[in-house]
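One letter stands for each residue in the lines below.
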Amino acid sequence: MLPEEIKLRLASFSRPAWRPQAGPAVPGAMSKFGGLPLLKPDESWPCCGHCHQPMQLFLQLESRDLPRTMRSPFGDGVLQVFYCTNGEEDCEVLGQSHLPFSDAALVRVIPREQANGFDALPVRQPDALPERSLTGWIPLADYPDCKETAAINDEDRDGTLALLHAHRPAPRPGDKLMGWPHWTAGVEYPTCPCCQEPMQFLLQLDSMDTLPFRFGHYGCAHIFQCDTHRDIMTLTWQSRP
């Protein structure tokens, strides 16, 4: 816990974040980690653009299941994150899955008006990750990375952020919605290909947290969305040193 005095001094840097809670699979649950995705009856399972094999569903998040105190950052609908785990083709390296807009990953939002009638495919996917249903959220106060705020800290005569990082690492690792990205290397916000503006951080998936999967060497993945072009989303990740 941070001392109250430091919390007050850090208030201008704080962002609300929520840590997801997951439990055993619940039949019919919309919001979940792993398992089968919602697809239209005539839609094919999303495939990797590198190996052309089905990608795994990592996260499916229904906007109605978000914390009650927040407005949906991705709009009204269903957010889906797919990622290719095909080691035979080594899509992680050859497909450059860590880079923005890689063919080995897909992030999309199914708008509410198009989500009616979606249903999970009635077939088993042998490589699907074990399904865990979303059960709730834990609210957090999140603070920026020292690299990300170097300029702010230089201008802060009281060294507020230095105090923060002396007490605990920031921002928080692990899976979370909103807040600040937990960078494991440098600060790298992807750029929207349409407007060339930095994209906004949406959520984080950390290695071996809710999902039994490692991004590279126990890396941390981030999902971003363009604030202007809302349909443009991407996943990136960085390995830990």
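Here the structure is a predicted model, which means the values were calculated and not measured. (Residues numbered from 1 in each chain as written. Predicted model: local features only at pLDDT ≥ 70, side-chain atom pairs only at ≥ 80, totals over all residues. Heavy atoms only, no water.)

**Here we look at the overall build of the protein**
Right, on to step 1. Within the protein one finds 4 helices and 12 strands.
Right, on to step 2. Sorting the 241 residues of the protein into buried and exposed places 47% on the buried side.
Right, on to step 3. Element-wise, carbon and sulfur atoms account for 52% of the exposed surface of the protein, whose accessible area totals about 12300 Å². (Helix = DSSP H or I, 4+ residues; strand = E, 2+ residues; numbered from the N terminus. Buried < 20%, exposed > 50% of the residue type's maximum accessible area, 1.4 Å probe, protein only. Areas by Shrake-Rupley, 256 points an atom, 1.4 Å probe, with all protein chains shown as cover.)

**Some details on the packing of aromatic side chains**
Right, on to step 1. One pass over the structure, following the stated rule, counts 11 aromatic pairs.
Right, on to step 2. Centre to centre, the rings of Y83 and F215 are 5.4 Å apart; their planes meet at 70°, and the pair counts as edge-to-face. Placement of Y83 in strand 5 (residues 77-83) and of F215 in the loop between strand 10 (200-206) and strand 11 (220-225) is noted, with a sequence separation of 132 residues between them.
Right, on to step 3. Here F215 and W237 contribute two aromatic rings whose centre-to-centre distance is 6.3 Å and whose plane-to-plane angle is 45°, an arrangement assigned as tilted. In this pair, F215 is assigned in the loop between strand 10 and strand 11 and W237 in strand 12 (residues 233-238), connecting sequence segments 22 residues apart.
Right, on to step 4. Overall, F215 belongs to the buried group, its relative accessible area being 2%. (Phe/Tyr/Trp six-rings, centres within 6.5 Å; stacked < 30°, edge-to-face > 60°.)

**Regarding the sheet that holds strand 4 (residues 56-62)**
Where strands meet in a sheet, backbone hydrogen bonds hold them as pairs that are either parallel or antiparallel.
Right, on to step 1. Taken in spatial order, the 10 strands make up an open sheet running 6-5-4-2-8-1-9-10-11-12, and their pairing is antiparallel. Since the sheet does not close on itself, it has two edges, and those belong to strand 6 (105-111) and strand 12, each with one partner. (Pairing = 2+ DSSP bridges.)

**Some details on the environment of L79**
Right, on to step 1. Following the sequence through the fold, L79 ends up in strand 5.
Right, on to step 2. Judged by relative accessible area, L79 falls into the buried class, the value being 0%.
Right, on to step 3. A C-alpha to C-alpha distance of 4.3 Å links L79 and V109, two positions 30 residues apart in sequence.
Right, on to step 4. L79 has contacts with L59, Q60, L61, F74, V107, R108, V109, L202, L203 and M233, leaving out every residue within four places of it along the chain. (Contact = heavy atoms within 4.5 Å.)

**Details of the pairing of strand 5**
Right, on to step 1. In terms of burial, strand 5 is largely enclosed, as 7 of its 7 residues are buried.
Right, on to step 2. With 6 bridges connecting them, strand 4 and strand 5 associate as antiparallel partners. For L57, the partnering residue across the bridge sits in strand 5 and is F82.
Right, on to step 3. For strand 5 and strand 6, the ladder comprises 7 bridges, and the chain directions are antiparallel. Its bridge partner being in strand 6, V81 is matched across the sheet by V107.

**Focus on unusual backbone geometry**
Right, on to step 1. With phi around 50°, D90 is a residue other than glycine that occupies positive phi space.
Right, on to step 2. Along the polypeptide, D90 turns up in the loop between strand 5 and strand 6.

**Some words on the pattern of salt bridges**
Right, on to step 1. Taken as a whole and assessed by the stated rule, the structure comprises 8 salt bridges.
Right, on to step 2. A salt bridge links E43 to R108; its shortest N-O distance comes to 2.6 Å. Separated by 65 residues along the polypeptide, E43 in the loop between strand 3 (38-39) and strand 4 and R108 in strand 6 bring together distant segments of the chain.
Right, on to step 3. Three or more residues joined by partner-sharing salt bridges are found here, namely E62, D76 and R112. (Salt bridge = Lys/Arg side-chain N within 4 Å of Asp/Glu carboxyl O.)

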